[in-house]
Amino acid sequence: MFELIFLGLVVGLLSGLFGIGGGTILVPLLLMFGYDTKIAIGISVVQMVFSSVYGSYLNNKKGTLDVIMVLTIGAGGFSGALLSGSITSFFSDTTLQIIFLLFAIFALLRLFMTTHVSQERKEVHKILLFIIGFVIGAISMTIGVGGSLILVPILVGFLHVPLKNATSAGLFFVVFSSVSGLISHSMHGHVDYESGVIIGLASLFGVYAGIHLKHRLDVKLQKKMLMFFYLIIVIYLTYKIFGV
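Residues numbered from 1 in each chain as written. Predicted model: local features only at pLDDT ≥ 70, side-chain atom pairs only at ≥ 80, totals over all residues. Heavy atoms only, no water.

Glancing now at helix α7 (residues 126–142). Counted at 1.5 Å a residue, the expected span for α7 with its 17 residues is 24 Å, and the 24 Å between its end C-alpha atoms agrees. Residues of α7 that are buried include every one of L129, G133, I136, G137, A138, S140, M141 and T142, and no others. Remark: G144 follows α7 within two positions and exhibits a positive phi of approximately 80°. (Helix = DSSP H or I, 4+ residues; strand = E, 2+ residues; numbered from the N terminus. Expected span 1.5 Å × (residues − 1). Buried < 20%, exposed > 50% of the residue type's maximum accessible area, 1.4 Å probe, protein only.)

Take a look at the structure:
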């Protein structure tokens, strides 16, 4: 239980700081603890419900959450995530880990190629936002991440949303995708509720600290930390999958 509480605190801190659901770091850590890939994904989904709801509440109080924009993306994410349990059951553990690795590499490259932290924000049609949410929700919840792993780089790199607002939007998106994903994964027997709830409750304390830290950090420093975080994930998964 102490290990699970510690995991929750760490995942919550990173979730609040970088606007991620927590699965990006939690799934690899649970794999290190010996959990089956599909069960690790299910536990991650439970934790994301806790951290995303509480974190979005705090971000909204801080004034960095664009609720209208994310509601459209979130509706798509909720719809897409309903398919995640079926998709997860279809693939092998190794294939799921490779998909996870590809997502992390994409996010890292997208952030690296985004040279301007602040540009004029682009307006996108709501139908396109819904489609973006649907695709991200379906694929991301399949591998136990909330979707912000991909959404934040898209918002920053393509739509030129300020990083602090993008991370807040990413975490709010996870509310939709994680609730829907929990329904889907529960139907397929992938969820260890006891471990998930312990980690989820502990993560609330980490989320609180992470969000307050985010609003004190310089934007450029936050971006460098986020890139370093993705790089660590890529290196670990590459080693685990390919043994190199």
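Quick look at the packing of helix α1 (residues 2–18) against helix α11 (residues 219–242) now. Look at α1 against α11: their axes get within 11 Å of each other, and the N-to-C directions meet at 135°. With respect to α11, the axis of α1 lies oblique. α11 is crossed by α1, and the crossing has left-handed handedness. Residues L14, L17 and F18 of α1 form the contact with α11, whose own contacting residues are Q222, M225, L226 and F229. Its residues assigned to classes, the contact of α1 with α11 shows six nonpolar, one polar and no charged. (Axes fitted to C-alpha atoms, helices over the stretch in contact; angles between N-to-C directions. Parallel < 35°, antiparallel > 145°, perpendicular 65-115°, else oblique. Left-handed = near helix turned anticlockwise from the far one by under 90°. Contact = heavy atoms within 4.5 Å. Nonpolar A, V, L, I, M, F, W, Y, C, P; charged D, E, K, R; others polar.)

Looking at the chain, pLDDT values average 81 and 92% of them are 70 or higher. Element-level mean pLDDT values for the chain span from 77 in helix α6 (residues 93–113) up to 88 in helix α10 (residues 193–214). (pLDDT = per-residue confidence, 0-100.)

Of all hydrophobic cores here, the largest spans 58 residues; its most connected members are L155 and F229. The residues contacting L155, other than those within four sequence positions of it, are M69, I73, H160, V161, A166 and A169. By size, the runner-up hydrophobic cluster in this structure holds five residues, among which are V45, M48, A81 and V174. (Core = buried A, V, L, I, M, F, W, Y, C linked by side-chain atoms within 4.5 Å.)

The next point concerns a nonpolar patch on the surface. A grouping of L83, I127, L128, F130, I131, F134, V135 and I139 is seen on the molecular surface, where their side chains present a nonpolar patch of about 660 Å² in accessible area. Structurally, I127 is set in helix α7. (Patch = residues over 30% accessible without salt bridge, like charges linked within 9 Å, V, L, I, M, F, W, Y side chains within 5 Å. Areas by Shrake-Rupley, 256 points an atom, 1.4 Å probe, with all protein chains shown as cover. Salt bridge = Lys/Arg side-chain N within 4 Å of Asp/Glu carboxyl O.)

Quick look at empty space enclosed by the protein now. Enumeration according to the criterion identifies one cavity of 30 Å³ or more in this entry. Quantified by volume, the largest cavity comes out at close to 50 Å³. Of all the secondary-structure elements, those providing two or more residues to the lining of the largest cavity are α2 (23–32), α3 (37–62) and α6. By residue class, the composition of the lining of the largest cavity is eight nonpolar, two polar and no charged. (1 Å grid on protein atoms, 1.4 Å probe; cavity = no way out; pocket = protein on both sides within 12 Å on 5 of 7 lines; lining within 4 Å. Points joined across faces, edges and corners; volume = space filled by probe spheres on them.)

So, about the packing of helix α9 (residues 163–187) against α11. Two elements in contact, α9 and α11, have axes whose closest approach is 10 Å; the angle formed by their N-to-C orientations is 50°. Classified by the interaxial angle, the pair formed by α9 and α11 is oblique. From α9, L163, K164 and T167 reach across to α11, where they touch V219, Q222 and K223. Broken down by class, the residue content of the contact of α9 with α11 amounts to two nonpolar, two polar and two charged.

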